[in-house]
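The residues making up each chain are set out below.
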Number of protein chains: 4
Amino acid sequence: MGIALSDLNHMQLAGFVSALGETFELAPWVAEAAFAKRPFAGVTALHEAMFGAVRAASRDSQLAFLRNHPDLAGKAARAGALTDDSKREQARVGLDSLDEADYARFHQLNDAYKEKFGFPFIVCVRRHTRDSILAQFERRLRHDATGEFAAALQEVFFITRLRVAALVAGEDMPRVNGRLSTHVLDTHAGRPAVGLAVELYELAGDHFIRIATATTNADGRTYQPLIGDRPLPIGRYELRFAVGDHFRSRGIEAGNPPFLDIVPLRFSISEPEAHYHVPLLCTPWSYSTYRGS
Amino acid sequence: MGIALSDLNHMQLAGFVSALGETFELAPWVAEAAFAKRPFAGVTALHEAMFGAVRAASRDSQLAFLRNHPDLAGKAARAGALTDDSKREQARVGLDSLDEADYARFHQLNDAYKEKFGFPFIVCVRRHTRDSILAQFERRLRHDATGEFAAALQEVFFITRLRVAALVAGEDMPRVNGRLSTHVLDTHAGRPAVGLAVELYELAGDHFIRIATATTNADGRTYQPLIGDRPLPIGRYELRFAVGDHFRSRGIEAGNPPFLDIVPLRFSISEPEAHYHVPLLCTPWSYSTYRGS
Amino acid sequence: MGIALSDLNHMQLAGFVSALGETFELAPWVAEAAFAKRPFAGVTALHEAMFGAVRAASRDSQLAFLRNHPDLAGKAARAGALTDDSKREQARVGLDSLDEADYARFHQLNDAYKEKFGFPFIVCVRRHTRDSILAQFERRLRHDATGEFAAALQEVFFITRLRVAALVAGEDMPRVNGRLSTHVLDTHAGRPAVGLAVELYELAGDHFIRIATATTNADGRTYQPLIGDRPLPIGRYELRFAVGDHFRSRGIEAGNPPFLDIVPLRFSISEPEAHYHVPLLCTPWSYSTYRGS
Amino acid sequence: MGIALSDLNHMQLAGFVSALGETFELAPWVAEAAFAKRPFAGVTALHEAMFGAVRAASRDSQLAFLRNHPDLAGKAARAGALTDDSKREQARVGLDSLDEADYARFHQLNDAYKEKFGFPFIVCVRRHTRDSILAQFERRLRHDATGEFAAALQEVFFITRLRVAALVAGEDMPRVNGRLSTHVLDTHAGRPAVGLAVELYELAGDHFIRIATATTNADGRTYQPLIGDRPLPIGRYELRFAVGDHFRSRGIEAGNPPFLDIVPLRFSISEPEAHYHVPLLCTPWSYSTYRGS
């Protein structure tokens with residue numbers, strides 16, 4: 001599926017550009033500029049050489065490059081005129097299936113943004129929930145031109161780092177993925193809570209969207225991370241633990257209804273490439289949580 | 001408003017029955033029977049004497065007495081044919097303003113109940129949320145006749161204890177009220193969290209109904225109990241603490257969005273006459289709660 | 001025993017000075033100067049007027065005043081030539097019964113201090129443990145002359161505030177006392193731990209001196225504060241809770257020996273006039289503590 | 001060093017007995033009996049076959065076998081007449097270097113025990129601290145003959161399982177080792193506490209013997225388990241964490257002296273083959289611990 005870095009290091013210019021050309025949106029000149037820096041010791045160095053070419057380009061070239069990005073949830077998306085990478089990325093966060101009101105909202109923000117800055121709003125959607133894209137849109141609209149130009153390039157950095165990491169395999173891969181994990185300890189029994197049902201919700205406005213379910217194993221953990229192998233989308237989340245069922249199954253009385261039944265832990269993620277460990281320590285009468293490691 | 005126990009102890013039969021007659025639904029004979037036990041050392045003793053008269057009555061009298069209770073949320077309630085006490089009690093839990101679907105549901109349960117047991121479903125609504133009345137309705141429909149007869153009398157005990165306690169003032173008042181309180185400690189600073197916003201919600205099905213708001217004082221407590229001076233309605237609740245605003249006001253960085261913003265504590269109340277203390281210990285990165293005292 | 005502030009407000013000069021003269025060590029002129037400020041609205045105002053007289057005095061008078069203070073644990077103490085107040089205060093912290101080595105240590109520090117600053121080391125011993133007096137002695141020996149003069153006067157402020165508060169009764173008493181309290185919650189059972197033995201130790205070097213014992217009551221608290229009605233001596237402490245016995249008495253298995261038996265909480269006090277609440281939340285397998293309120 | 005199980009499976013009787021003969025104290029007949037059960041699928045099966053031979057032996061043979069064990073800390077130990085295995089095992093727990101009082105105590109217990117049961121007190125010392133050996137000695141002296149005979153054989157099981165596991169390498173090794181680990185989270189900062197000093201003490205009577213020191217790494221853990229690669233000795237322990245230094249190094253004010261300086265966690269181990277994880281969650285004003293996993 002991917003390309004080996006060692007192969008890239010031995011390619012001619014045409015093959016090199018053809019292999020990497022789409023990672024920087026409609027800008028094969030980026031791969032051409034990076035070609036001169038071969039061989040690359042690692043994938044991180046390859047991406048930095050490519051992004052360095054963008055940074056070293058003239059302001060006019062940079063601007064043209066930014067302008068070549070599609071509108072977020074824009075007409076291009078609906079009409080299907082996106083690069084494959086852009087299409088996949090926008091779909092994952094639900095931007096390809098907005099209702100009319102949300103579509104209008106994005107459309108209006110896009111127009112205001114382009115009117116102010118002269119290029120479309122660019123954001124690495126893989127690092128965000130829909131809520132957080134909207135929040136960032138509104139925050140960045142308040143930037144001045146210089147600040148926003150830098151912010152847009154930073155997003156290009158995140159977008160292309162993910163694309164390069166997905167495309168090329170080799171030494172020193174860039175760190176692009178985070179991990180969300182949990183662990184349930186029953187401090188009433190002094191051992192892990194086994195077989196306890198866990199749900200993970202994303203908060204979208206005032207709705208809760210369930211995005212994962214799991215059951216704790218013999219060590220009180222879930223077999224898979226609740227989110228893994230991808231950047232953690234910046235946003236608000238709620239974990240829900242079926243604590244009442246757990247203690248009921250142990251035959252413990254704690255009132256009717258029990259003092260604790262579904263325990264929600266609500267928290268936010270702001271570092272997509274980090275490990276968030278959000279454990280639960282509980283008895284039928286108490287619980288605690290913390291950002292662990 | 002109320003009557004002094006010492007006055008009751010000196011009344012003639014007619015006055016005594018007139019004063020207490022309505023506390024046991026349409027059953028002045030209860031007050032008449034209790035009259036013989038005067039004087040009463042305390043209000044608890046007065047209520048026990050009255051309830052003892054019910055317990056000592058023939059099965060037929062008891063059944064007639066139970067049959068005199070109005071349907072819960074029934075036609076009587078809509079048509080206004082309730083005693084004043086019944087009217088107030090049903091209104092507080094929202095039973096006087098059901099929508100058509102819920103009204104139909106209660107109506108159907110009432111019919112099934114009366115068909116099975118021969119008297120209307122009686123419950124001390126002041127000790128319940130709507131959810132918990134429905135849960136109890138369904139649980140009690142599964143009783144056998146003997147078990148349910150006892151359960152109905154137990155509810156009469158709760159209802160009349162509240163009425164007597166509201167009507168008569170004197171020594172040894174029955175314990176009819178509970179209390180829900182909270183306390184917020186900022187264990188990052190090692191002191192109470194001051195000025196932190198707290199909201200209390202009741203869960204009704206999958207809706208949250210906000211029933212109280214407060215702000216913590218210099219000691220991290222609320223000036224008034226979140227629920228007080230009444231029985232705590234059995235049911236599910238959620239406290240929400242504006243932890244993010246608190247740490248933001250202290251100038252502490254904890255991510256954007258902050259790891260903790262609104263912290264929900266979800267718990268149930270099953271003992272209406274008890275004290276529930278549900279405190280929050282928090283830092284920007286951790287929190288814990290417990291049933292305290 | 002004490003004097004009413006209202007009586008002081010009506011006394012002649014001689015009586016006033018006789019009543020208050022000893023509160024400022026061998027300095028009746030302080031009371032004389034304060035006499036002019038009568039009447040005093042509160043005891044705090046009285047003490048502030050007296051201490052204001054010291055502050056307003058010439059440097060020579062202040063120095064003479066400081067020089068009139070006895071050596072801490074010095075020859076005067078052994079020979080009995082102390083004012084009654086000084087005697088009592090030094091005895092409470094064990095300075096009247098030092099062994100030869102400690103006596104020599106204090107003697108040597110005193111000599112070095114007087115050599116450097118020209119007056120004896122003054123400290124409000126009621127606000128300190130022995131460890132903390134030694135620590136402060138060594139820290140203050142490193143002061144420059146100006147800094148130490150101010151530090152000595154600050155200690156005079158604390159000493160005389162305590163003496164005035166002990167002697168005079170009236171409105172607006174100065175806040176001179178702190179309080180150390182605890183509370184034990186059994187979060188395994190969801191209720192206070194009743195009848196649990198608690199011990200309080202003071203750390204002196206690497207020895208532990210037991211200074212209080214108590215048993216928790218029905219609310220999980222001790223009937224009396226562990227330290228109260230006096231300033232909390234600055235120093236290191238350890239609370240020990242017989243958690244193992246508590247859970248054994250509830251019939252709970254937690255290993256042999258049990259995972260938790262005696263639980264020590266070690267903490268320091270640095271604010272003698274504050275309230276320190278140091279609770280324990282415990283199960284047979286976990287515990288937590290915090291500075292509460 | 002060890003012997004491969006596969007080699008054992010192919011040996012002649014003489015070699016087999018010579019290789020394994022010392023694992024069961026002065027009882028080559030045990031290896032002889034097990035020889036018939038070859039080949040062994042795993043080391044656990046080998047040990048079970050050998051122990052099965054003891055269990056299947058006549059009461060007289062069993063008694064003779066038990067009688068061949070040396071006195072714990074007895075004359076044999078002092079005079080050097082122990083098997084090498086016994087010598088090493090007794091030395092590790094300090095039984096070869098008792099002072100006269102303790103030696104007399106053990107001697108007296110040994111005499112009482114042999115008088116009552118007819119064989120010396122046998123205990124798997126590697127699974128115990130000195131305190132716990134004494135506690136067990138006194139507890140087992142109160143057994144009746146049948147109960148104690150079984151208890152002594154159970155100790156033989158533990159002793160020989162360790163010896164076989166140390167001697168023979170192969171599939172399905174018996175689980176003979178436990179692990180004690182810790183982890184320090186700074187919930188004030190929301191990340192692991194790095195470079196924090198940790199000490200582990202064993203409690204012996206009212207003395208604390210330091211048995212391990214460590215410093216937390218970037219993940220808040222210690223590079224090595226605090227105890228590992230051996231059975232965890234049953235007994236009482238105290239972990240001490242230099243929490244005050246940690247927060248001081250972060251520049252955080254928490255009083256002088258700081259509210260928390262050295263934090264002791266005292267706990268007991270009762271399952272030598274288990275994993276004990278004893279973490280610390282702390283801020284400058286609070287901490288908690290639990291038996292984790």
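Here the structure is a predicted model, which is why all the values come from computation and not from measurement.

Participant: Can you break down the overall build of chain A residue by residue, with the values?
Facilitator: Per the secondary structure count, chain A includes 11 helices and 13 strands. With the principal axes as the frame, chain A shows a C-alpha extent of 70 × 45 × 30 Å. The buried share of chain A, taken over its 293 residues, is 57%. Sequence-distant contacts, at least 24 apart, represent 68% of the contacts inside chain A between residues at least 6 apart. When the accessible surface of chain A is split by element, carbon and sulfur atoms take 50% of a total near 12,600 Å². Distance from the positive charge centre (33 side chains) to the negative charge centre (35 side chains) of chain A: 2 Å.

Participant: Give a description of the sheet that holds strand E9 (residues 235-242) of chain A that names residues and reports values.
Facilitator: All names here are of chain A. Taken in spatial order, the four strands line up as E7-E6-E9-E10 in an open sheet, and their pairing is antiparallel. In the strand order of this sheet, the two ends are held by strand E7 (207-215) and strand E10 (262-269), each with one partner. Averaged over all pairs of adjacent strands, the angle between their axes in this sheet comes to 25°, without regard to strand direction. Both E9 and E10 contribute to a ladder of eight bridges, which runs antiparallel. Looking at E10, one finds that Phe 241 is bridged to Val 263.

Participant: Before we move on, could you go through unusual backbone geometry and cite the residues and values that matter?
Facilitator: Cis geometry is found at the peptide bond from Arg 38 of chain C to Pro 39 of chain C, where omega equals -5°. With respect to the helices and strands, the residue Pro 39 of chain C is situated in the loop between helix H3 (28-35) and helix H4 (43-56). Here the bond from Asn 256 of chain D into Pro 257 of chain D is cis, since omega is 0°, no more than 30 degrees from zero. Structurally, Pro 257 of chain D is set in the loop between helix H11 (243-249) and strand E10 (262-269).

Participant: I'd like a description of the interface of chain A and chain D, backed by residues and values.
Facilitator: Each partner contributes to the interface: chain A provides 12 residues, whereas chain D provides 12 residues. Across the chain A to chain D interface the summed buried area is about 850 Å²; carbon plus sulfur atoms make up 59%. Considering only the side of chain A, the residues that lose the most area to chain D are Leu 185, Tyr 290 and Ser 293 of chain A, jointly responsible for 53% of the buried surface there. Joining chain A to chain D, the criterion identifies zero salt bridges. Joining chain A to chain D, the criterion identifies six residue pairs in polar contact (both at pLDDT 80 or more). Counted by class, the side of chain A that touches chain D contains four nonpolar, five polar and three charged residues.

Participant: Let's hear about the relation of the copies chain A and chain D: which residues, and what values?
Facilitator: The transform that puts chain A on chain D rotates by 180° and translates by 0.1 Å along the axis, for an RMSD of 0.1 Å. A rotation of that kind, with that shift, is consistent with a two-fold axis. The C-alpha atom lying nearest the rotation axis in chain A is that of Ser 288 of chain A; the distance is 5.1 Å. When you check the interface residues of chain A against chain D, 100% turn up at the interface there too, and the contact is symmetric in its surfaces.

Participant: Go over the pattern of salt bridges, please, and point to the residues and values.
Facilitator: Throughout the structure, instances matching the rule amount to 64 salt bridges over all chains. Note that Arg 163 of chain A is salt-bridged to Glu 25 of chain A, the shortest N-O span being 2.8 Å. You can see Arg 163 of chain A sitting in helix H10 (residues 145-167) and its partner Glu 25 of chain A sitting in the loop between helix H2 (13-20) and helix H3 (28-35), a full 138 residues away along the chain. Of the two residues, Arg 163 of chain A and Glu 25 of chain A, both sit in the buried class. The partner of Arg 266 of chain C in a salt bridge is Glu 238 of chain D, with the nearest N and O atoms 3.8 Å apart. Of this pair, Arg 266 of chain C sits in strand E10 (residues 262-269) while Glu 238 of chain D is found in strand E9 (residues 235-242), placing the two residues in two different chains. For Glu 238 of chain D, a relative accessible area of 0% translates into the label buried. A network of salt bridges, in which partner residues are shared, links Glu 238, Arg 240 and Arg 266 of chain A together with Glu 238, Arg 240 and Arg 266 of chain B.

Participant: Lay out the side chain of His 277 of chain B in plain terms, naming residues and giving numbers.
Facilitator: All names here are of chain B. Within the element layout of this structure, His 277 appears in strand E11 (residues 275-277). In this structure the side chain of His 277 is engaged in a polar contact, spanning 2.8 Å, whose partner is the side chain of Ser 181. With residues up to four places along the chain from it excluded, the contact list for His 277 reads Ser 181, Thr 182, His 183, Arg 221, Tyr 290, Arg 291, Gly 292 and Ser 293.

Participant: Run through the pairing of E7 of chain A, naming residues and quoting values.
Facilitator: The side chains of a regular strand alternate between both faces of the sheet. All names here are of chain A. Summarising the sheet, strand E6 (residues 197-204) and E7 pair through eight bridges and their orientation is antiparallel. For Ala 197, the partnering residue across the bridge sits in E7 and is Thr 215. In sequence, E6 turns back onto E7 through a hairpin of two residues, with Gly 205 there showing a positive phi of about 60°.

Here is what the cut-offs are and how they apply
Residues numbered from 1 in each chain as written. Chains lettered and ligands numbered in written order. Predicted model: local features only at pLDDT ≥ 70, side-chain atom pairs only at ≥ 80, totals over all residues. Heavy atoms only, no water. Helix = DSSP H or I, 4+ residues; strand = E, 2+ residues; numbered from the N terminus. Buried < 20%, exposed > 50% of the residue type's maximum accessible area, 1.4 Å probe, protein only. Contact = heavy atoms within 4.5 Å. Areas by Shrake-Rupley, 256 points an atom, 1.4 Å probe, with all protein chains shown as cover. Lys, Arg positive; Asp, Glu negative; His and termini not counted. Charge placed at Lys NZ, Arg CZ, Asp CG, Glu CD. Pairing = 2+ DSSP bridges. Axes fitted to C-alpha atoms, helices over the stretch in contact; angles between N-to-C directions. Buried area = accessible area lost by both parts, 1.4 Å probe. Salt bridge = Lys/Arg side-chain N within 4 Å of Asp/Glu carboxyl O. Polar contact = N/O pair within 3.5 Å; in protein donor to acceptor, adjacent residues only side chain to side chain. Nonpolar A, V, L, I, M, F, W, Y, C, P; charged D, E, K, R; others polar. Least-squares fit on C-alpha atoms with pLDDT ≥ 70 in both.

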